[in-house]
Amino acid sequence: VTNIVGADAWLTLPTWRQWRRLLGACDWAVLARPGTVGEQLEAIVPPSLVAAGDAGGLRLRNGHFIRWIRDFRHPASATQARRELAGSGRSRQIPKAVAEFARRADLYSVERNG
């Protein structure tokens, strides 16, 4: 299992509940937009958890891998999609069925998350 996350969300990882446990639960692919500083991405991972590393990513002591996808160029933005869902309940970036599920589950409402 690989968890795919944008660099903006990755940089907030230490604020997540049980983030060290999450870090060790699966492989990760971190999508970094142009201009993202690689050292910032790597600094999130405590050195005690790292077995080896190179420009492509980090191998963790538990066997999982964190891969850096540098200069990721795609117009979609999860942050923007969440913002749209919180406002209107719709997003131009995700399928209508997914937006409907998020609305029904109250995942991004302003009342819940604001």
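Here, every reference points to the structure presented above.
So, how was this worked out
Residues numbered from 1 in each chain as written. Predicted model: local features only at pLDDT ≥ 70, side-chain atom pairs only at ≥ 80, totals over all residues. Heavy atoms only, no water. Buried < 20%, exposed > 50% of the residue type's maximum accessible area, 1.4 Å probe, protein only. Helix = DSSP H or I, 4+ residues; strand = E, 2+ residues; numbered from the N terminus. Arc of directions from axis to C-beta.

(A) Up close: helix H4 (residues 78–87). Taken residue by residue, H4 has Ala81, Glu84 and Leu85 as its buried positions. The arc enclosing the buried residues of H4, seen along the axis, measures out at 100°, which places them on a common side. The exposed residues of H4 that point more than 90 degrees off its buried face are Arg83 and Gly87. Backbone geometry just after H4 places Gly89 at a positive phi near 85°.

(B) Fine view of unusual backbone geometry. Even without being a glycine, Gln18 presents a positive backbone phi close to 50°. Within the secondary structure layout, Gln18 lies in the loop between helix H1 (7–10) and helix H2 (19–23). We classify Gln18 as partly exposed; its relative accessible area is 43%. Even without glycine at this site, Asp71 takes up a positive phi of about 55°.

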